[in-house]
Amino acid sequence: MKKVMLIFPPEWVPTAPYLALPSLAAVLRQNGIDTVLKDINVEMYDHIFTPGFLLFVKSKIQDRFKELKQNAANLSAEDAELKQMLSDYQHIDLDYHIQKVGRAKEIMRSEEFYEVEKSEWALNAFREVMEYVSVAYFPASIQFYPIESNLNVYRPWVSEDLLKVPFDNKVNVYADICRQLVLRSIRKEKPEVVGISIGTPVQLMSGITFATLIKEAFPDIHVTVGGNIITRLKDEFAKKPHFFGKAFDSMITYEGEHALVWLVEALSGKRKMNEVSNLIYKDEEGQMHVNETYQERVDQLPPPDFDGMPWEKYFSPEKLVPYLGTRGCYWGKCTFCDHGAGYIDQFR
Ligand code: SF4
């Protein structure tokens, strides 16, 4: 059976693993499928606060400044302002900030976190450095804490923006994260199927960036996307065949535990693609297919399998292990709530 890599893209609170990957891994491994888990969300935050990435950001600021300087005679007022900002940020004491965020990571991951002044100092250290990172990717705004980054010039709900954003090396921080963390892991692990879990609008931006750049670098890997936001957009994506084969190969809607096992079986020649429930795909003739849906029997699922999660990288003084005992909400009546949007039925 083909080897699988599951990726959780940024951005989500990096204090504990999100349950999507361990829940999928448990069923894949139960069915004898070799599965590697990559929580790129927490790896990204850990990576951003390293000397290597911050020196990379410094050179990015210098390059963008040089480009504007060479064109100084023809700059718009906005570009002139950006040039000034890039110039100003070349004079910060980067070594001081590198030391500071190194210490801040230690505080977040130790008993010192419970001393409020220290944890506030740590969060401010991260915020200062994120301001510096945001200058390199201007007009993107990269945040930590809160987890509210925005690439600003691209909108997650506009399909043409999603097709363009992976190739924008100025603004799209996730493209650099993909090259530095995701593609390197793929080269090392050599998966034949990659699944990307997309649960929020920002993850749509980073997840489609990862998926597209993976397809570009490794055209033989089957890339499938799933998760709450993918489920909500299923009717729209099914009408956009040009995404299939370019940004990803297939989509898994609703719950993905068994759908992913059946997809791997189909790709390994053990069943037909039209027998993979919850799958949307394009066949070799370019025909789109929306398969029948399947709902998981929660009482028959194995417990989540966290093997391979990077425990030492979470920004938390304790090991936090999430568990979801039910699917959906027993009440399900609050008009403002969209919790059930990713499920076929409500409470189980
Ligand atoms: S807000 Fe949503 S999840 Fe919470 S009780 Fe209401 S319907 Fe249920």
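Quantities reported herein were computed from a predicted structural model and do not represent experimental measurements. (Residues numbered from 1 in each chain as written. Predicted model: local features only at pLDDT ≥ 70, side-chain atom pairs only at ≥ 80, totals over all residues. Heavy atoms only, no water.)

K.L.:
Quick rundown of the environment of Pro14? Include the residues and the values.
P.N.:
On the secondary structure map, Pro14 appears in the loop between β1 (4–8) and α1 (20–30). Sequence spacing of Pro14 and Leu75 is 61 residues, and the spatial spacing of their C-alpha atoms is 40 Å. Contacts of Pro14, omitting those with residues within four sequence positions, involve Asn41, Val42, Tyr45, Phe144, Tyr145, Ile147, Tyr314 and Phe315. (Helix = DSSP H or I, 4+ residues; strand = E, 2+ residues; numbered from the N terminus. Contact = heavy atoms within 4.5 Å.)

K.L.:
Let's hear about the nonpolar core: which residues, and what values?
P.N.:
Formed by 107 residues in total, the largest nonpolar core has its most connected members in Val133, Ile196, Phe210, Ile214 and Phe248. Top element by residues in this core is helix α6 (residues 116–136). It accounts for 10 residues. Other than its neighbours up to four places away in sequence, Val133 contacts Ile48, Phe53, Leu54, Val57 and Ile142. (Core = buried A, V, L, I, M, F, W, Y, C linked by side-chain atoms within 4.5 Å. Buried < 20%, exposed > 50% of the residue type's maximum accessible area, 1.4 Å probe, protein only.)

K.L.:
Go over the site of the ligand with me, naming the residues and quoting the values.
P.N.:
Lining the immediate environment of the ligand, one finds Cys329, Trp331, Gly332, Lys333, Cys334, Phe336 and Cys337. Residue composition of the shell around the ligand, grouped by class: five nonpolar, one polar and one charged. (Near = heavy atom within 4 Å. Nonpolar A, V, L, I, M, F, W, Y, C, P; charged D, E, K, R; others polar.)

K.L.:
Describe the sheet that holds strand β2 (residues 35–39), with residues and values.
P.N.:
Whether parallel or antiparallel, the strands of a sheet pair through hydrogen bonds between backbone atoms. As summarised here, the arrangement of the seven strands in space is β2-β1-β3-β4-β5-β6-β7, forming an open sheet in which the pairing is mixed. Only two strands of the sheet have a single partner each, and these edge strands are β2 and β7 (288–290). Looking at each pair of strands side by side, their axes are set apart by 20° on average, direction ignored. Each of β1, β2 and β3 (193–197) touches α1; the most contacted strand, β2, lies at about 175° to it. On top of the sheet, helix α9 (residues 201–217) reaches β1, β3 and β4 (222–226); it is set at about 165° to β3, its chief contact. (Pairing = 2+ DSSP bridges. Axes fitted to C-alpha atoms, helices over the stretch in contact; angles between N-to-C directions.)

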